[in-house]
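Structural overview for review
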Amino acid sequence: MNIDSIQNGIVIDHIKAGSAMVLYDLLGLDALDVSVAIIKNVTSRKMGKKDIIKIDADIPVDLDVIGYVDPAATINVIRDGVLVEKKSLSLPKTLTNVLKCKNPRCITSCEQELDHVFRLADEEKKLYRCVYCETKAN
Ligand code: ZN
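Here we summarise the structure given alongside this text. (Residues numbered from 1 in each chain as written. Predicted model: local features only at pLDDT ≥ 70, side-chain atom pairs only at ≥ 80, totals over all residues. Heavy atoms only, no water.)

1. Quick look at the nonpolar core
What tends to happen in soluble globular proteins is that the nonpolar side chains get buried as a cluster. Judged by nonpolar contacts, the single largest core of 31 residues is most densely connected at Ile12, Leu23, Ile53, Ile55, Ile66, Phe118 and Tyr128. If you list the elements that add at least two residues to this core, you get strand E1 (9–16), helix H1 (20–26), strand E3 (48–55), helix H2 (63–69), strand E7 (117–122) and strand E8 (127–130). Among the elements that make up this core, the one with the highest residue count is H2 (four residues). Built from parts of two domains, this core gets at least three residues from each of domain 1 (9–88) and domain 2 (94–130). When residues no more than four places from it in sequence are discounted, the contact partners of Tyr128 are Tyr68, Leu91, Pro92, Lys93, Leu95, Phe118, Arg119, Leu120, Ala121, Thr135, Lys136 and Ala137. (Core = buried A, V, L, I, M, F, W, Y, C linked by side-chain atoms within 4.5 Å. Buried < 20%, exposed > 50% of the residue type's maximum accessible area, 1.4 Å probe, protein only. Helix = DSSP H or I, 4+ residues; strand = E, 2+ residues; numbered from the N terminus. Domains from an automatic or database assignment. Contact = heavy atoms within 4.5 Å.)

What follows is the structure, given as structure tokens:
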């Protein structure tokens, strides 16, 4: 694909340099049969260096995941070659099935079908805790 001109798709811009691969993994983009371009270490006047992900398909992306990895990233939705929507993000209050609880005694370790839910415990520190056992994420 021509990475400069997406006709229908999503451009995730202003990603903190080095975070694009984390985002790629958490969004599960490797499992999708669509063209994805990851552009790393782009020089940005505002940020110094940034990463960009271009998805050449109009697929739903999990804004909570992107907000968790980098709330300062911006989402551009492109249709027929025209930027139709710009979305900004914030740290999500809860994350469902994005992170896994590492506590071996957590109920999510024995009950396989339970959702892994984390809630934002401290916005400044970007700290998430398991809703079942209060264990910190990461
Ligand atoms: Zn837990």
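Read on, since the account is not over.
2. Considering the pattern of salt bridges
Summed over all chains, the structure comprises five salt bridges. For Lys50, the salt bridge is made with Asp13, and the minimal N-O distance between the two is 3.0 Å. With Lys50 in strand E3 and Asp13 in strand E1, the pair connects residues that are 37 residues apart, well separated along the chain. Like Asp13, Lys50 is buried. (Salt bridge = Lys/Arg side-chain N within 4 Å of Asp/Glu carboxyl O.)

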